[in-house]
2 protein chains.
Amino acid sequence: MLGIDHVGIAVPDLDAGQAPYAALGVRSVEDEEVPDQGVRVRLLDTGAGTIELLAPLAADTPVGRFLASRGPGLHHLAFRVADVRHALEAAVSSGLRPIDVVPRPGRAGSRVAFLHPRSVGGVLIELVEPASGAVRP
Amino acid sequence: MLGIDHVGIAVPDLDAGQAPYAALGVRSVEDEEVPDQGVRVRLLDTGAGTIELLAPLAADTPVGRFLASRGPGLHHLAFRVADVRHALEAAVSSGLRPIDVVPRPGRAGSRVAFLHPRSVGGVLIELVEPASGAVRP
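Definitions and limits used
Residues numbered from 1 in each chain as written. Chains lettered and ligands numbered in written order. Predicted model: local features only at pLDDT ≥ 70, side-chain atom pairs only at ≥ 80, totals over all residues. Heavy atoms only, no water. Helix = DSSP H or I, 4+ residues; strand = E, 2+ residues; numbered from the N terminus. Contact = heavy atoms within 4.5 Å. Areas by Shrake-Rupley, 256 points an atom, 1.4 Å probe, with all protein chains shown as cover. Lys, Arg positive; Asp, Glu negative; His and termini not counted. Charge placed at Lys NZ, Arg CZ, Asp CG, Glu CD. Least-squares fit on C-alpha atoms with pLDDT ≥ 70 in both. Buried < 20%, exposed > 50% of the residue type's maximum accessible area, 1.4 Å probe, protein only. Pairing = 2+ DSSP bridges.

What follows covers the overall build of chain A. Within chain A, the secondary structure is distributed over 3 helices and 8 strands. Going residue by residue from the N terminus, the α and β elements of chain A occur as β-α-β-β-β-α-β-α-β-β-β. C-alpha extents for chain A along the principal axes are approximately 40 × 35 × 25 Å. Across chain A, every contact between residues at least 6 apart in sequence was considered, and the portion connecting residues at least 24 apart equals 52%. Put simply, chain A shows about 5900 Å² of open surface, and 53% of that area lies on carbon and sulfur atoms. The average position of the 13 basic charges and that of the 16 acidic charges among the side chains of chain A differ by 4 Å.

Next up, the structure:
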(Lines give C-alpha, C1' and ligand atoms only; values in the text may rest on other atoms or scores of the structure.)
Protein backbone atom coordinates (compact mmCIF):
# COMPACT_ATOMS: atom_id res chain seq x y z
CA MET A 1 0.00 0.00 0.00
CA LEU A 2 1.64 3.19 -1.22
CA GLY A 3 -1.14 5.58 -0.23
CA ILE A 4 -4.05 7.30 -1.93
CA ASP A 5 -3.49 7.54 -5.69
CA HIS A 6 -6.56 9.66 -6.42
CA VAL A 7 -10.17 10.40 -5.51
CA GLY A 8 -12.63 9.68 -8.32
CA ILE A 9 -15.61 12.01 -8.78
CA ALA A 10 -18.43 11.36 -11.27
CA VAL A 11 -19.61 14.35 -13.31
CA PRO A 12 -21.96 14.60 -16.27
CA ASP A 13 -19.57 16.98 -18.06
CA LEU A 14 -15.85 17.60 -17.47
CA ASP A 15 -15.85 21.37 -18.03
CA ALA A 16 -18.90 22.06 -15.86
CA GLY A 17 -17.67 19.52 -13.33
CA GLN A 18 -14.30 21.18 -13.06
CA ALA A 19 -15.64 24.69 -12.47
CA PRO A 20 -16.13 24.50 -8.67
CA TYR A 21 -12.65 23.03 -8.19
CA ALA A 22 -11.13 25.77 -10.33
CA ALA A 23 -12.93 28.25 -8.07
CA LEU A 24 -11.20 26.60 -5.11
CA GLY A 25 -7.79 26.97 -6.77
CA VAL A 26 -7.36 23.41 -8.06
CA ARG A 27 -5.75 23.26 -11.47
CA SER A 28 -6.35 20.83 -14.33
CA VAL A 29 -3.46 18.64 -15.42
CA GLU A 30 -4.61 16.53 -18.35
CA ASP A 31 -7.47 14.66 -19.96
CA GLU A 32 -7.48 11.06 -21.07
CA GLU A 33 -10.05 8.68 -22.46
CA VAL A 34 -10.18 5.23 -20.85
CA PRO A 35 -12.37 3.23 -23.24
CA ASP A 36 -12.09 0.09 -21.14
CA GLN A 37 -13.90 1.91 -18.31
CA GLY A 38 -16.25 3.86 -20.57
CA VAL A 39 -15.06 7.23 -19.30
CA ARG A 40 -13.18 10.33 -20.21
CA VAL A 41 -11.16 11.51 -17.19
CA ARG A 42 -9.68 14.86 -16.23
CA LEU A 43 -6.93 14.92 -13.63
CA LEU A 44 -6.88 17.81 -11.18
CA ASP A 45 -3.81 18.51 -9.07
CA THR A 46 -4.73 19.87 -5.64
CA GLY A 47 -1.11 20.41 -4.60
CA ALA A 48 -1.26 17.35 -2.36
CA GLY A 49 -3.40 14.66 -3.91
CA THR A 50 -5.07 14.09 -7.26
CA ILE A 51 -8.76 14.30 -8.17
CA GLU A 52 -9.96 12.28 -11.16
CA LEU A 53 -13.12 13.69 -12.68
CA LEU A 54 -14.98 10.97 -14.59
CA ALA A 55 -17.48 11.73 -17.34
CA PRO A 56 -19.22 8.76 -18.99
CA LEU A 57 -18.70 8.10 -22.71
CA ALA A 58 -22.28 6.77 -22.88
CA ALA A 59 -25.28 6.30 -20.59
CA ASP A 60 -24.81 2.52 -20.59
CA THR A 61 -21.46 2.54 -18.79
CA PRO A 62 -20.69 2.08 -15.08
CA VAL A 63 -20.29 5.83 -14.51
CA GLY A 64 -23.34 6.59 -16.68
CA ARG A 65 -25.43 4.24 -14.55
CA PHE A 66 -23.93 5.70 -11.34
CA LEU A 67 -24.98 9.21 -12.41
CA ALA A 68 -28.47 8.01 -13.32
CA SER A 69 -29.01 6.27 -9.99
CA ARG A 70 -27.09 8.42 -7.46
CA GLY A 71 -26.34 11.67 -9.25
CA PRO A 72 -22.93 13.33 -9.50
CA GLY A 73 -20.51 13.09 -6.60
CA LEU A 74 -17.77 11.07 -4.95
CA HIS A 75 -17.39 7.84 -6.96
CA HIS A 76 -14.34 5.87 -5.85
CA LEU A 77 -11.13 5.92 -3.81
CA ALA A 78 -7.96 4.68 -5.47
CA PHE A 79 -4.97 3.27 -3.62
CA ARG A 80 -1.57 3.07 -5.28
CA VAL A 81 0.14 -0.30 -5.01
CA ALA A 82 3.46 -1.64 -6.21
CA ASP A 83 2.00 -4.85 -7.68
CA VAL A 84 -1.71 -4.85 -8.46
CA ARG A 85 -1.93 -8.59 -9.00
CA HIS A 86 -0.39 -9.26 -5.60
CA ALA A 87 -2.50 -6.57 -3.90
CA LEU A 88 -5.69 -7.99 -5.45
CA GLU A 89 -4.82 -11.51 -4.31
CA ALA A 90 -4.06 -10.25 -0.79
CA ALA A 91 -7.34 -8.32 -0.65
CA VAL A 92 -9.37 -11.32 -1.81
CA SER A 93 -7.65 -13.63 0.65
CA SER A 94 -8.57 -11.12 3.40
CA GLY A 95 -12.23 -11.52 2.46
CA LEU A 96 -12.70 -8.47 0.21
CA ARG A 97 -14.75 -9.10 -2.92
CA PRO A 98 -13.20 -8.30 -6.29
CA ILE A 99 -15.00 -6.79 -9.25
CA ASP A 100 -12.01 -7.65 -11.44
CA VAL A 101 -10.72 -11.18 -11.07
CA VAL A 102 -7.59 -10.15 -12.93
CA PRO A 103 -6.19 -6.61 -13.31
CA ARG A 104 -7.06 -4.63 -16.43
CA PRO A 105 -5.67 -1.59 -18.25
CA GLY A 106 -6.13 1.77 -16.52
CA ARG A 107 -5.19 5.34 -17.27
CA ALA A 108 -1.70 6.24 -18.51
CA GLY A 109 -0.46 2.70 -18.88
CA SER A 110 -1.41 1.70 -15.35
CA ARG A 111 -2.93 -1.62 -14.39
CA VAL A 112 -5.96 -1.51 -12.10
CA ALA A 113 -8.46 -3.67 -10.27
CA PHE A 114 -11.65 -2.68 -8.47
CA LEU A 115 -13.03 -4.10 -5.22
CA HIS A 116 -16.78 -4.34 -4.68
CA PRO A 117 -18.22 -1.61 -2.44
CA ARG A 118 -20.37 -4.15 -0.60
CA SER A 119 -17.20 -5.60 0.89
CA VAL A 120 -15.62 -2.22 1.74
CA GLY A 121 -18.38 -0.42 3.64
CA GLY A 122 -20.02 1.07 0.56
CA VAL A 123 -16.78 2.45 -0.93
CA LEU A 124 -15.72 1.46 -4.44
CA ILE A 125 -11.96 0.87 -4.12
CA GLU A 126 -9.56 0.92 -7.06
CA LEU A 127 -6.08 -0.56 -6.76
CA VAL A 128 -3.65 1.15 -9.15
CA GLU A 129 -0.22 -0.02 -10.21
CA PRO A 130 1.28 2.92 -12.15
CA ALA A 131 3.14 2.27 -15.38
CA SER A 132 6.75 1.49 -14.50
CA GLY A 133 8.75 4.68 -14.35
CA ALA A 134 5.60 6.80 -14.49
CA VAL A 135 5.86 10.20 -12.87
CA ARG A 136 2.58 11.23 -11.31
CA PRO A 137 1.48 14.62 -9.99
CA MET B 1 -5.31 25.65 -1.40
CA LEU B 2 -2.78 23.34 0.21
CA GLY B 3 -4.14 20.07 -1.17
CA ILE B 4 -6.34 17.27 0.06
CA ASP B 5 -6.41 17.13 3.87
CA HIS B 6 -8.44 13.93 4.10
CA VAL B 7 -11.22 11.83 2.61
CA GLY B 8 -14.23 11.40 4.91
CA ILE B 9 -16.04 8.05 4.93
CA ALA B 10 -19.28 7.42 6.86
CA VAL B 11 -19.50 4.14 8.77
CA PRO B 12 -22.04 2.85 11.28
CA ASP B 13 -19.25 1.57 13.55
CA LEU B 14 -15.55 2.52 13.66
CA ASP B 15 -14.13 -0.95 14.33
CA ALA B 16 -16.21 -2.73 11.68
CA GLY B 17 -15.68 0.18 9.32
CA GLN B 18 -11.93 0.04 9.72
CA ALA B 19 -11.62 -3.70 9.03
CA PRO B 20 -11.48 -3.57 5.20
CA TYR B 21 -8.86 -0.81 5.29
CA ALA B 22 -6.77 -2.78 7.76
CA ALA B 23 -7.00 -5.70 5.32
CA LEU B 24 -5.57 -3.38 2.65
CA GLY B 25 -2.66 -2.41 4.89
CA VAL B 26 -3.92 0.97 6.10
CA ARG B 27 -3.15 1.63 9.74
CA SER B 28 -5.16 3.51 12.34
CA VAL B 29 -3.64 6.63 13.87
CA GLU B 30 -6.05 7.99 16.45
CA ASP B 31 -9.66 8.49 17.45
CA GLU B 32 -11.31 11.75 18.40
CA GLU B 33 -14.82 12.84 19.23
CA VAL B 34 -16.04 16.00 17.49
CA PRO B 35 -19.25 16.86 19.37
CA ASP B 36 -19.87 19.93 17.23
CA GLN B 37 -20.26 17.65 14.20
CA GLY B 38 -21.99 14.82 16.09
CA VAL B 39 -19.33 12.27 15.19
CA ARG B 40 -16.56 10.15 16.53
CA VAL B 41 -13.74 9.99 13.97
CA ARG B 42 -10.90 7.58 13.42
CA LEU B 43 -7.95 8.71 11.35
CA LEU B 44 -6.30 6.16 9.05
CA ASP B 45 -2.87 6.84 7.54
CA THR B 46 -2.57 5.35 4.05
CA GLY B 47 1.08 6.35 3.69
CA ALA B 48 0.13 9.19 1.35
CA GLY B 49 -3.15 10.71 2.39
CA THR B 50 -5.48 10.44 5.36
CA ILE B 51 -8.86 8.74 5.63
CA GLU B 52 -11.28 10.00 8.28
CA LEU B 53 -13.82 7.36 9.28
CA LEU B 54 -16.92 9.04 10.73
CA ALA B 55 -19.37 7.24 13.01
CA PRO B 56 -22.40 9.19 14.22
CA LEU B 57 -22.87 9.89 17.93
CA ALA B 58 -26.64 9.65 17.40
CA ALA B 59 -29.12 8.96 14.61
CA ASP B 60 -30.22 12.59 14.54
CA THR B 61 -26.88 13.98 13.37
CA PRO B 62 -25.71 14.85 9.84
CA VAL B 63 -23.74 11.61 9.50
CA GLY B 64 -26.56 9.61 11.11
CA ARG B 65 -29.00 11.01 8.55
CA PHE B 66 -26.50 10.39 5.72
CA LEU B 67 -26.22 6.72 6.74
CA ALA B 68 -30.00 6.38 6.96
CA SER B 69 -30.60 7.87 3.52
CA ARG B 70 -27.57 6.78 1.46
CA GLY B 71 -25.90 4.03 3.47
CA PRO B 72 -22.22 3.87 4.39
CA GLY B 73 -19.63 5.17 1.95
CA LEU B 74 -17.69 8.20 0.75
CA HIS B 75 -18.99 11.22 2.66
CA HIS B 76 -16.85 14.28 2.04
CA LEU B 77 -13.61 15.60 0.60
CA ALA B 78 -11.54 17.97 2.75
CA PHE B 79 -9.09 20.53 1.41
CA ARG B 80 -6.42 22.01 3.64
CA VAL B 81 -6.18 25.79 3.53
CA ALA B 82 -3.94 28.32 5.23
CA ASP B 83 -6.81 30.59 6.31
CA VAL B 84 -10.29 29.08 6.42
CA ARG B 85 -12.08 32.41 6.76
CA HIS B 86 -10.37 33.76 3.67
CA ALA B 87 -10.87 30.50 1.73
CA LEU B 88 -14.57 30.47 2.64
CA GLU B 89 -15.02 34.07 1.53
CA ALA B 90 -13.20 33.36 -1.74
CA ALA B 91 -15.35 30.28 -2.39
CA VAL B 92 -18.58 32.17 -1.73
CA SER B 93 -17.53 35.08 -3.91
CA SER B 94 -16.87 32.51 -6.68
CA GLY B 95 -20.48 31.36 -6.42
CA LEU B 96 -20.08 28.32 -4.18
CA ARG B 97 -22.71 27.94 -1.49
CA PRO B 98 -21.60 27.71 2.15
CA ILE B 99 -23.15 25.48 4.79
CA ASP B 100 -21.19 27.39 7.43
CA VAL B 101 -21.38 31.15 7.15
CA VAL B 102 -18.48 31.41 9.59
CA PRO B 103 -15.86 28.72 10.35
CA ARG B 104 -16.40 26.45 13.34
CA PRO B 105 -14.24 24.15 15.49
CA GLY B 106 -13.02 20.95 13.82
CA ARG B 107 -10.87 18.03 14.86
CA ALA B 108 -7.59 18.55 16.72
CA GLY B 109 -7.97 22.27 17.17
CA SER B 110 -8.59 22.95 13.50
CA ARG B 111 -11.13 25.43 12.16
CA VAL B 112 -13.39 24.19 9.39
CA ALA B 113 -16.19 25.22 7.06
CA PHE B 114 -18.33 23.10 4.76
CA LEU B 115 -19.58 23.96 1.28
CA HIS B 116 -22.94 22.70 0.08
CA PRO B 117 -22.74 19.70 -2.28
CA ARG B 118 -25.37 21.22 -4.58
CA SER B 119 -22.84 23.89 -5.53
CA VAL B 120 -19.91 21.46 -5.96
CA GLY B 121 -21.33 18.78 -8.25
CA GLY B 122 -22.75 16.64 -5.46
CA VAL B 123 -19.56 16.63 -3.36
CA LEU B 124 -19.62 17.82 0.24
CA ILE B 125 -16.42 19.88 0.57
CA GLU B 126 -14.77 20.70 3.89
CA LEU B 127 -12.19 23.48 4.15
CA VAL B 128 -9.74 22.78 6.99
CA GLU B 129 -7.31 25.20 8.60
CA PRO B 130 -5.12 23.06 10.87
CA ALA B 131 -4.29 24.28 14.35
CA SER B 132 -1.24 26.49 14.08
CA GLY B 133 1.88 24.40 14.41
CA ALA B 134 -0.09 21.18 14.09
CA VAL B 135 1.80 18.22 12.66
CA ARG B 136 -0.48 16.02 10.61
CA PRO B 137 0.14 12.52 9.24
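Let us keep going from here.
Bringing the relation of the copies chain A and chain B into the picture now. Least-squares fitting of chain A to chain B yields an RMSD of 0.0 Å, with the superposition described by an axial translation of 0.0 Å and a rotation of 180°. Both copies of the chain, as the preceding transformation shows, are related through a two-fold rotation axis. Within chain A, the C-alpha atom positioned nearest to the axis of rotation is that of L74 of chain A, 3.2 Å from it. Residue by residue, 100% of the interface of chain A is reproduced at the interface of chain B, so both copies engage with the same surface.

This part covers the side chain of H6 of chain B. Considering the arrangement of structural elements, one finds H6 of chain B in strand β1 (residues 4-10). Residue H6 of chain B is classed as buried on the basis of its relative accessible area of 3%.

With that settled, the discussion passes to the pairing of strand β4 (residues 50-56) of chain B. Residues and elements named next belong to chain B. By the criterion of burial, β4 is predominantly enclosed, with 6 of the 7 residues buried. In this sheet, β4 lies alongside β1 in parallel orientation, the contact comprising 4 bridges. Counterpart to G8 in the pairing with β4 is E52. Bridge count for strand β3 (residues 39-45) against β4 is 7 bridges, and the pairing is antiparallel. The partner of L43 across the bridge, within β4, is E52. Taken together, β3 and the strand that follows it, β4, pair antiparallel across an intervening segment of 4 residues, in which G47 is found at a positive phi of about 105°.

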